Each structure stands twice: as structure tokens, then as C-alpha cells.
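If you want the building blocks of each chain, they are given just below.
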Amino acid sequence: MSILVFLEPHGDGLKRTSYEAITAALSIADGAPVAGIVFNASAQQIATAGEYGLTRVLNVAGDQWSALPNAQMSAVVAEAASSIGAKVVLLGANSTGKNLAPRVAVRLSAGLLADCVELHNSASSLEATRPVYAGKALVRVKATTAVTVATLRPNLFTAKSTGGAAPSVSEFAPSSDAASVPSMRVTNVMRNEGQLDVSEADIIVSGGRGLKGPEHFNLIEGLAKSLGAAVGASRAVVDAGWRPHREQVGQTGKTVSPTMYVACGISGAVQHLAGMSSSKIIVAINKDKDAPIFSVADYGIVGDVFEVLPRLTPAIAAVTGKS
Ligand SMILES: Cc1cc2nc3c(=O)[nH]c(=O)nc-3n(C[C@H](O)[C@H](O)[C@H](O)COP(=O)(O)OP(=O)(O)OC[C@H]3O[C@@H](n4cnc5c(N)ncnc54)[C@H](O)[C@@H]3O)c2cc1C
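None of these values were measured; they are calculated from a predicted model.

Visitor: Sorry, what's going on with the overall build of the protein chain here?
Guide: When its secondary structure is counted, the protein chain shows nine helices and 17 strands. A compact globule built from 323 residues would reach a C-alpha radius of gyration of about 20 Å, and the protein chain, at 21 Å, matches this within 12%. In terms of overall dimensions, the protein chain has C-alpha extents of about 60 × 40 × 40 Å along its principal axes. Long-range pairs, those at least 24 residues apart, make up 66% of the contacts in the protein chain between residues at least 6 apart in sequence.

Right, here's the structure in full:
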């Protein structure tokens, strides 16, 4: 089952979801070839893929391929997959991967296994475990198509360094068909510099209605800073206009699986749990000892956020040196 992994450049390397996808691909490849595809990456960025065991990368180079809209990018990824005879295409289930995967699947007449939390080695086709019913149940699914596209939930597939050498790189020149897919044009990309995105953060500190108002979110931001974490929010506070929607965690927000999730003044409604219950460690701070969030928490503090956070944050900052 040869595999194509979608790689996303980020800083001097690639996004963590890309390394996770490489490790996942190698774990199911069973000796079959695994290649990566990346758009306009530098040699330094591509070299980091080798550290996780990838030996071959197709680089789509050229300014015309930067900041491509999803319709064109997916056409190129599908073309690359066909050109190397890939039976599986793996992408991280972050915003880019979620956007591209269905489009790639349509182009390849492939089955789509979305938001997988586990992949299973199977000689003939890809099998995966994925959540259904907003995370209340897990199903094991098997693709019945010749080619399968799968997205991997971030942070659940541990990226394992193999210390490998830089992969061999070949330039992939898409056909004019891919370049001419009718689409919009991206004219400007604005980045939230310095702000960690909840869907990719290793630690998230989220605040809910228990914070009483937007003016008290400095308590959440302070704790997040001391931990090097991203700030998240419940829907109640997003709907109230206290926080932007990009921070919303849950069924109608983002699905996250950080190493640690700290829920402050959040009740733990089922729709919130749907977005964060696969976090590795859950810490809850709530003044109601019967709040449902405690049923999923590994550690809990029954207390008032206005008393707990001003004491907790400096204590953590003293250890981490971040304030
Ligand atoms: C279709 C649908 C989709 C939804 N999608 C989402 C979603 O994506 N994400 C999401 O979050 N919700 C979602 N919701 C809403 C969800 O049902 C809850 O209403 C919401 O999560 C509640 O937010 P909250 O926990 O901040 O507020 P509340 O439920 O009001 O809880 C506030 C908590 O703060 C505690 N508290 C109060 N004061 C303090 C204090 N001083 N110190 C410590 N604790 C304190 C209280 O004990 C309480 O547990 C959805 C609902 C529907 C119907």
C-alpha cells in the first residue's frame, strides 16, 4: 500500500501534524513506499521530514504554487498521488487537511476516512478508528475503494524521530489541468503572529461563563502564558461576544487533543466535551463539585477561578519562567 503524506511547511520545519502523519504512514506501510508532497518548501524544511523517517519528497516549487486556494492544491495533490500510484493519502485533520481531504478524495474517487484516531495495518486496504456521534462512540471503518484518503486527528499519533537523513527531493510539476482548476485567488494571507491556534497547541487553557465577563479573561491569558498554552473558550462565551470564534472548542467549534487541557469555569456540556475529551490530561477548575467537567477530568480543583487562578498562575510561572 504505497502512501502519499501531505506536508505543511511551518517556520524552519513542518507542522507537527505532518510529522505525525509521516510516523503513522510508516507504521502501516509494511515496507511499501512512503512519499511526501509539499508546496514551495525550503531544503531546510524538507530535511526535517527525514528526521522522522521519510525518504522521498515531491516538492511543488514555484511562486505560482504559493498560497494556492484549496481547489487547486487538492487537484495537485490528487495528481501527485496518481503519478506515484499511491493507494493511501494521509493528511493531518487540521484546517488545511480538513479542507483538502474531501476534494482530493473526490478527484481520486477515493473513500474518505476523516478524523482518524487510530490506523490499522491491513494488507489490502486501510482500516481506521474514528469518533462518531460527537465523540460518544468510536467506529472501526474499512475503505472499500482502490484509493483511500484519511485525515489524522492532531496530537493522537505521536511523531517519532528516527534521526534519518534528509529525504531525496524531486520537483513535481503539476499539469496545466491542475493549474487551471476554476477557483478563487488568494490575494493576501494574514497570520495571527504570536497567537497559538487551539487546534494545534500542545496545551490549552480555556475559559467559560464562570469568568463572568470578557474583562476577566486576562486570568485565562495569564495562565496560558505561564504554560506556553493557547487560549480556548466555550461556546457560551463566544456567543456572548467575549471571545472570537476561532477559540471555540466543541461540537460547533474546534476539535482538540492537546497534551493538557485546562478548563476554567466551564460546566462540561456534552457539546464542549465533544471537542476536547480526547485530550491526554484534563484539568478542571470549577466551583461546583458536581459540574460534569469533573467526570472527564484527571485533576480537578473545586474552587472559585477568581481565587484559584491568581494563585496558580504565579506558582506555575515561577517554575516555567514564563510570565
Ligand atoms: C447544537 C449545539 C452545539 C453546541 N456547540 C458547542 C461547542 O462547540 N462548544 C461549547 O462549549 N458549547 C457548545 N454548545 C453549548 C453547550 O451546550 C453549553 O451551553 C456551553 O458549553 C456552556 O458553556 P460554559 O460551560 O462556559 O457555561 P455554563 O454552562 O454556564 O457553565 C459555567 C460553569 O462555570 C462554573 N462557575 C461559575 N462561576 C465560577 C467561578 N467563579 N469559579 C469557578 N467556576 C465557576 C459553573 O459552576 C458552571 O459549571 C452547543 C450547544 C448546542 C445546542
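Visitor: Any chance you could explain the site of the ligand here in plain terms?
Guide: Taken together, 28 residues form the shell around the ligand, and within it Gly208, Gly210, Ser234, Arg235 and Gly250 come nearest. Those elements giving two or more residues to the shell around the ligand turn out to be α7 (235-239), α8 (270-276), β16 (281-286) and α9 (305-320). Classifying every residue of the shell around the ligand gives nine nonpolar, 14 polar and five charged.

Visitor: Teacher, can you tell me more about the sheet that holds strand β1 (residues 3-6) here?
Guide: The strands making up a sheet are joined through hydrogen bonds of the backbone, oriented either antiparallel or parallel. Strand order in this open sheet of seven strands is β7-β11-β6-β1-β4-β5-β12, and the pairing throughout is parallel. The open sheet has two edge strands with one neighbour each: β7 (111-116) and β12 (168-171). Across this sheet, the average inter-strand angle for adjacent strands is 25°, counted without regard to direction. Relative to strand β4 (residues 34-39), β1 is paired through four bridges, and the arrangement is parallel. Across the sheet, residue phenylalanine 6 finds its bridge partner in β4, namely isoleucine 37. The strands touched by helix α1 (residues 16-29) are β1, β4, β6 (88-92) and β11 (148-152); relative to β6, the strand with the most contacts, the crossing angle is about 150°. Those strands touched by helix α2 (residues 43-50) are β4, β5 (56-60) and β12, and its axis lies near 155° from that of β5.

Visitor: When you look at the packing of helix α3 (residues 70-83) against helix α4 (residues 95-108) in this model, what are you seeing that I'm missing?
Guide: Each pair of packed helices gets described by two things: the angle between the helix axes and the distance between those axes. The interhelical angle for the contact between α3 and α4, taken along N-to-C directions, is 50°, at an axis separation of 8 Å. Of the possible angle classes, the one that applies to α3 and α4 is oblique. Where α3 crosses over α4, the two elements pack in a sense that is right-handed. When α3 is examined against α4, the residues Asn70, Ala71, Met73, Ser74, Ala75, Val77, Ala78, Ala81 and Ser82 are found in contact with a partner set consisting of Asn99, Leu100, Arg103, Val104, Arg107 and Leu108. Each residue belonging to the contact of α3 with α4 can be placed in one class, and the counts come to nine nonpolar, four polar and two charged.

Visitor: Could you clarify how one ought to interpret the domain arrangement of the protein chain in this entry?
Guide: Quoted interface sizes are often the accessible area lost when the parts come together. Considered domain by domain, the protein chain is made up of domain 1 (3-179) and domain 2 (203-320). For domain 1 and domain 2, the distance between their C-alpha centres works out to 31 Å. The partner domain 2 presents nine residues to the seven residues of domain 1 that form the contact. Class assignment of the residues belonging to the side of domain 1 that touches domain 2 gives a composition of four nonpolar, two polar and one charged.

Visitor: What exactly am I supposed to notice about the sheet that holds strand β13 (residues 203-207) here?
Guide: Taken together, the five strands give an open sheet; going across it, the order is β14-β13-β15-β16-β17, and neighbouring strands pair in parallel fashion. Single-partner strands in this sheet number two, and they are β14 (230-233) and β17 (299-302). Across this sheet, the average inter-strand angle for adjacent strands is 15°, counted without regard to direction. Sheet analysis places strand β15 (residues 260-264) next to β16, joined by five bridges and oriented parallel. Its bridge partner lying in β16, valine 262 is registered against valine 283. Along the sheet, helix α6 (residues 218-227) contacts β13, β14 and β15; its crossing angle with β13, the most-contacted strand, is approximately 170°.

Visitor: Explain the environment of glycine 97 here, please?
Guide: In this fold, glycine 97 is placed in helix α4. Considering only alpha carbons, one finds glycine 97 and serine 74, 23 residues apart in sequence, at a separation of 9.9 Å. Not counting residues up to four positions away in its chain, the partners in contact with glycine 97 are Phe6, Thr17, Leu91, Gly92 and Thr151.

Parameters at a glance
- Residues numbered from 1 in each chain as written.
- Predicted model: local features only at pLDDT ≥ 70, side-chain atom pairs only at ≥ 80, totals over all residues.
- Helix = DSSP H or I, 4+ residues; strand = E, 2+ residues; numbered from the N terminus.
- Rg over C-alpha atoms; globule rule 2.2 N^0.38 Å.
- Contact = placed C-beta atoms within 7 Å.
- Near = placed C-beta within 6 Å.
- Nonpolar A, V, L, I, M, F, W, Y, C, P; charged D, E, K, R; others polar.
- Pairing = 2+ DSSP bridges.
- Axes fitted to C-alpha atoms, helices over the stretch in contact; angles between N-to-C directions.
- Parallel < 35°, antiparallel > 145°, perpendicular 65-115°, else oblique.
- Left-handed = near helix turned anticlockwise from the far one by under 90°.
- Domains from an automatic or database assignment.

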